[in-house]
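Topology and contacts: notes
What follows is the residue order along each chain.
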Amino acid sequence: MSHTEADLVQLLHTGPFHLALRTALAVRGLPLQRVQHHLAHRGIKVGVTSLSYWQQGARRPQRPESLKAVRALEEVLQLPGNSLLRLLTEDSAARQEVERPAARSYRSLVEASGSVEELLAELESPADGGLHTVGHHERVRIGAARELVGRESQHVVRAHRDGVDRYLAIHHGDPGCDPGRIAARVAVRAVENCRTGRVRWHAGTGVLIAELIFDVRLRAGDTYLFSYGFEDGTAGPSGEYVRGFSFAGGQYVLQVRFDEAALPVRCRRFAQASAGAPRGGRAELTLSGRHRTVHLVEQGVRPGILGIDWDWT
């Protein structure tokens, strides 16, 4: 996947070392053989294999001559002094925290956490899935009967380990939602850069989890953009849309569109630290005229809950 100068600046700040090095090589457009040539001109001998191991995270430069090579790499790649060396000397526990962002349990985020955890276990999903969010734009549609008709997501993620090739999307319908009811089953749509894999649901809580399989297998540090959606319409009147975040992430945008036959009298955004905590961060949202939408934007998501609720009368 392509990398930008902004990606490089971020990784030089957060690490880990091998992702910062790999991104610097990509952004500067230098193959390893050319890097080796530049280092040799500075009197430093490093094999292409060693450079490859360093950027993959298979090995870390530790010996004095290797650290001298890293210092020279900063010059060759036109990086700030000590930017790569600093990442090498950080505490290993701190690096682990960067590579796998701190998590909030599902139990603290959703009332139907037991069903979510049961379905995730059935799909043999690891705790974090190997991905964290760079950006997420979500569009929710409310129908003429005040019901949740469906939602679409455009999602950008970054892998923090090699080999990730799928994402598990969770849909939690409103009270009365029955994902498996034949007459009005919740449908999964894989829109762009993914396809639908296994789908599991729990009828009693209206929870459905869909496996979305990517077109490529990601390496640590790769970003990936994909789009998907759910068609619902199986539940009664909806009064809110809530999104829980287990991990800190990038930008989140939520837009709710109402049918012209069912317009709310009041809309508000809110935030919660957990499912049982009081709602804070209240702000009134003005319904746009022609398009009948409200939205919220959160630039840097923290673990917890964000949402929009509304009153019908």
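Computed from a predicted structure; not experimentally measured.

1. Description of the overall build of the chain
Scanning the chain for helices and strands turns up 8 helices and 13 strands. For the chain, the residues scored as buried account for 45% of the 313 residues in total. On the chain, roughly 15200 Å² of surface is accessible, and the fraction owed to carbon and sulfur atoms is 49%.

2. Looking at the environment of alanine 235
For alanine 235, the position within the fold is in the loop between β7 (223–231) and β8 (240–245). Spatially, the C-alpha atom of alanine 235 lies 7.1 Å from that of glycine 173, the residues being 62 residues apart in sequence. For alanine 235, the residues in contact, after removing those within four places along its chain, are Glu147, Asp174, Pro175, Gly176 and Cys177.

3. Structural notes on the sheet that holds strand β6 (residues 207–218)
One open sheet accounts for 3 strands, arranged β3-β6-β5; its pairing is antiparallel. Because the sheet does not close on itself, it has two edges, and the strands there are β3 (164–172) and β5 (194–202). Taking each pair of neighbouring strands and ignoring which way they run, the sheet shows an average axis angle of 20°. Bridge count for β5 against β6 is 7 bridges, and the pairing is antiparallel. Opposite histidine 202, over in β6, you have valine 207 as the bridge partner.

4. Quick word on the nonpolar core
Ranked by internal contacts, the top residues of the largest apolar core, which has 29 residues, are Leu39, Trp54, Leu73 and Leu84. Taken together, the elements giving at least two residues each to this core come down to α1 (5–14), α2 (17–28), α3 (32–41), α4 (48–56), α5 (64–76) and α6 (83–89). Among the elements that make up this core, the one with the highest residue count is α2 (6 residues). In contact with leucine 73, other than residues within four places in its own chain, are Leu21, Val35, Leu39, Leu51, Trp54 and Leu84. Leu148, Val256, Leu285 and Val301 belong to the second-largest nonpolar core, a separate cluster that totals 19 residues.

5. A look at the confidence of the model for the chain
For the chain, per-residue confidence averages 85 on the pLDDT scale, and residues scoring 70 or more make up 88% of the total. Long-range and interchain partners of residues 91–110, a stretch whose pLDDT sits below 50, account for 48 contacts in this model, where long-range means more than four residues apart.

6. Considerations on the sheet that holds strand β1 (residues 131–142)
Taking strand neighbours across the sheet as the criterion, the 6 strands line up as β4-β7-β2-β1-β9-β12 in an open arrangement whose pairing is mixed. Edge positions in the open sheet fall to β4 (187–192) and β12 (293–298), since each of these has one partner strand only. Between one strand and the next, the sheet's axes are offset by a mean angle of 15°, whatever the strand orientation. Where β1 meets strand β9 (residues 251–258), 8 bridges bridge the pair, whose relative direction is parallel. The residue bridging glutamate 138 from the neighbouring strand is leucine 254, located in β9.

7. A short note on the packing of aromatic side chains
Tallied over the full model, the rule gives 10 aromatic pairs. On the basis of an interplanar angle of 35° and a centroid distance of 4.5 Å, the ring pair of phenylalanine 214 and tyrosine 224 is categorised as tilted. Of this pair, phenylalanine 214 sits in strand β6 while tyrosine 224 sits in strand β7; the two residues are 10 residues apart in sequence, bridging distant segments of the chain. A network of ring pairs unites the aromatic residues Tyr167, Phe214, Tyr224, Phe226, Tyr228 and Phe230 as a single cluster.

8. Some remarks on the side chain of threonine 293
Structurally, threonine 293 can be placed in strand β12. Once residues lying within four places of it in the same chain are set aside, the contact partners of threonine 293 are Gln255, Val256, Arg257, Thr286, Leu287 and Ser288.

9. Overview of the packing of α2 against α4
The N-to-C vectors of α2 and α4 enclose an angle of 115°; their axes lie 6 Å apart at closest approach. Counted together, Phe17, His18, Leu21, Arg22 and Leu25 of α2 and Trp54, Gln55 and Gln56 of α4 form the full contact between these two elements. Residues that form the contact of α2 with α4 fall into these classes: 4 nonpolar, 3 polar and 1 charged.

10. Brief notes about α5
For α5, with 13 residues, the first-to-last C-alpha span of 19 Å sits near the 18 Å given by 1.5 Å per residue. Taken together, the buried positions of α5 are Ser66, Ala69, Val70, Ala72, Leu73, Glu74 and Val76.

11. A few points about the side chain of histidine 136
Examined against the element boundaries, histidine 136 turns out to sit in strand β1. For histidine 136, a relative accessible area of 5% puts it in the buried group. In this view, histidine 136 contacts Ser153, Gln154, His155, Tyr228, Arg243, Gln251, Tyr252 and Val253; residues no more than four positions away in its chain are not counted.

12. Some words on the packing of α3 against α5
Angle between the axes and distance between the axes are the two parameters that describe a pair of packed helices. Contact geometry for α3 and α5: axes closest at 10 Å, N-to-C directions at 110°. Considering the angle they form, α3 stands roughly perpendicular to α5. Between α3 and α5, the residues in contact are Val35, His38 and Leu39 and Ala69, Ala72, Leu73 and Val76, respectively. For the contact of α3 with α5, the class distribution of residues is 6 nonpolar, 1 polar and no charged.

Rules and cut-offs
Each residue is numbered by its place in its chain's sequence as written, counting from 1. With the structure being a predicted model, the display of local features is reserved for residues of pLDDT at least 70 and the display and counting of side-chain atom pairs for 80 or more, all residues being used for whole-chain, interface and lining totals. Where side-chain values are given, they derive from all heavy atoms of the structure, hydrogens and water being excluded. Numbering goes from the N terminus for both helices and strands, where a helix is a DSSP run of H or I of at least four residues and a strand is a run of E of at least two. Working definition: with a 1.4 Å probe on protein chains only, accessible area under 20% of the residue-type maximum means buried, over 50% means exposed, and in between means partly exposed. Computed by Shrake-Rupley with a 1.4 Å probe, the accessible areas treat only the displayed protein chains as cover when residues are assessed. Only heavy atoms enter the contact rule, under which two residues are in contact if any of them lie within 4.5 Å. In this description, strands pair whenever DSSP reports at least two bridges between them. Axis definition: a line fit to C-alpha positions, over the contact stretch in the case of helices; interaxial angles, taken between N-to-C directions, run 0 to 180 degrees. Here, nonpolar core refers to any group of buried Ala, Val, Leu, Ile, Met, Phe, Trp, Tyr and Cys residues whose side-chain atoms link them within 4.5 Å. Note on scores: pLDDT gives the predictor's confidence for each residue, bounded by 0 and 100. Only centres within 6.5 Å qualify two rings of Phe, Tyr or Trp (six-membered ring in Trp) as a pair; their planes then separate them into stacked at under 30 degrees, edge-to-face at over 60, and tilted for everything else. Side-chain classes are defined by residue name, with Ala, Val, Leu, Ile, Met, Phe, Trp, Tyr, Cys and Pro counting as nonpolar, Asp, Glu, Lys and Arg as charged, and the others, Gly among them, as polar. Between the first and last residue of a helix there are one fewer steps than residues, each counted as 1.5 Å, and that sum is the expected span. Any angle between 65 and 115 degrees counts as roughly perpendicular, while under 35 counts as roughly parallel, over 145 as roughly antiparallel, and the rest as oblique.

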